[in-house]
Structures are given as structure tokens and as C-alpha cells.
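Here is how the chains run, residue by residue.
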Amino acid sequence: PFVAILLAESGAGKGAPYKFVGAHLAAAGMRHVLSNDLRSDKEILRRLIELDGSAAYMKDEAQVLFRAILKDDKSTQSTSAIATLITELVTKEDNYYLSGVTQQQIREEGAKRLAKVNKEIGKDGVPTPDQNEEKAIARRMLDWAKNGIPDPRVPLLTTSTPQQFKPIFDDHNVESGF
């Protein structure tokens, strides 16, 4: 698990690390694992499954996410769900087990995807590389919905200004282990 928080004044180039990380992932052929779109907790889980257990995120405005982690009442329900999931994922040392409703949704989606790709395979019965990849994702969905996501990897690089982030570091939060 990896969480990095970059604090810098507005206009100080907080975007430079994003470019650096993106360029290095691209050079390694892994740019696809990186996203700056933390839409929902279910989207994070879906990306983890599709990307074989690794999904990296970069997020501006760190204070919004950390307020949600601390259960600050200023956060939205969606942000709270994302924050809770990220907290659970970065502290996991083994499988992450999906909730019952999410298990069912992922299983259903996996079954549909597998049926669709099997239907699309040509008359010769030999799948294309893209079809093989889609089958692997569908099978992972079915397996991990049942058995959990093994050793999920969700690195998070986030930025904020000192003025926006400082209120989060009060005595209570520091004493409680934040």
C-alpha cells in the first residue's frame, strides 16, 4: 500500500509528479493502470478486477478525501464510500472480500461478459487475443466475487495546499493514528 500526499502552494507545480508518474508508467507499458477519476467505490473495485489487482490513482484536493476518511460531515456520500474503500484497501494484507450486493453485481457482470465473448468467438473456436483478455477478466470477476480480491494494490498520489490540508491535522487526528 502506498499513499503520498504532496503539499505545495497554488501554482507551485503540484501537477509535475502526475506527469512524472504517468510518463514512467507509460514507458513501462502500464499507463492504463493510472486514473485520476475516483468516481465510485464500485468503479474502483471493477478496475481492480479488470486490471488484475492493481489500480493506481492520482487525486487533486487531498483534503476532500481525507475529510471523508475522518468522517467529516462536509463529505458527500460518494466521497465517503470511496474514502472507506481506499482506507480498507491500503490497509489490507490479504484478500479483500466484496460485500454481498457487490459480489452479486460483479458475478452477474462476469457471467454476462463471459457468455458474450464465448458467443463472439469465431466458427474455428479459436479466440482472438482481445477475446482471451475479455475471458480472463470475466473469469476473474467470477472468481474474485466469490473468493475476494487477492492482495489488492491501490497506490494513491494526492495533492493539496498547506492551508487546505492543515486543519485535518489537529491533535485528535494525530493522537488517533492519522
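See the structure above.
Computed from a predicted model, the values in this text were never measured in an experiment. (Residues numbered from 1 in each chain as written. Predicted model: local features only at pLDDT ≥ 70, side-chain atom pairs only at ≥ 80, totals over all residues. Heavy atoms only, no water.)

K.L.:
Account for unusual backbone geometry, with residues named and values stated.
P.N.:
Residue Asp52 is not a glycine yet carries a positive backbone phi of 60°. Relative to the elements of secondary structure, Asp52 occurs in the loop between α2 (41-50) and β3 (56-59). (Helix = DSSP H or I, 4+ residues; strand = E, 2+ residues; numbered from the N terminus.)

K.L.:
Describe the side chain of Ser35, naming the residues involved and giving the relevant values.
P.N.:
For Ser35, the location among the structural elements is in strand β2 (residues 34-35). Those residues in contact with Ser35 that lie beyond four places of it in its chain are Arg47, Ala56, Tyr57 and Met58. (Contact = heavy atoms within 4.5 Å.)

K.L.:
Tell me what's going on with the packing of aromatic side chains, and back it up with residues and numbers.
P.N.:
Summed over the entire model, instances satisfying the criterion amount to zero aromatic pairs. Just above the ring of Trp144 sits the side chain of Arg140; from NZ or CZ to the centre is 5.9 Å. (Phe/Tyr/Trp six-rings, centres within 6.5 Å; stacked < 30°, edge-to-face > 60°. Lys NZ or Arg CZ within 6 Å of the ring centre and 35° of its normal.)

K.L.:
Account for the nonpolar core, with residues named and values stated.
P.N.:
As a rule of thumb, soluble globular proteins bury nonpolar side chains together. Judged by nonpolar contacts, the single largest core of 24 residues is most densely connected at Ile44 and Ile149. Every element with two or more residues in this core is listed here: α2, α3 (62-69), α4 (77-91) and α6 (129-147). Ranked by residues supplied to this core, first place goes to α4 with five residues. Discounting residues that sit within four places of it in the chain, Ile44 has contacts with Leu38, Tyr57, Ile82, Leu85, Ile86 and Leu89. Judged by nonpolar contacts, the second largest core, of eight residues, contains Leu25, Leu34, Ala56 and Met58. (Core = buried A, V, L, I, M, F, W, Y, C linked by side-chain atoms within 4.5 Å. Buried < 20%, exposed > 50% of the residue type's maximum accessible area, 1.4 Å probe, protein only.)

K.L.:
Please set out the pattern of salt bridges residue by residue, giving values where relevant.
P.N.:
Between side chains of opposite charge, a pair can form as their charged atoms come close. Inspection of every chain in the model, using the stated rule, returns five salt bridges. Between Glu50 and Arg113 there is a salt bridge whose closest N-O contact spans 2.7 Å. Of this pair, Glu50 sits in helix α2 while Arg113 sits in helix α5 (residues 100-120), and the two are 63 residues apart along the sequence. Under the relative-accessibility criterion, Glu50 is labelled partly exposed at 26%. Residue Arg140 pairs with Asp52 through a salt bridge whose shortest N-O separation is 3.7 Å. (Salt bridge = Lys/Arg side-chain N within 4 Å of Asp/Glu carboxyl O.)

Purely geometric stuff here, so don't read any function into it on its own.
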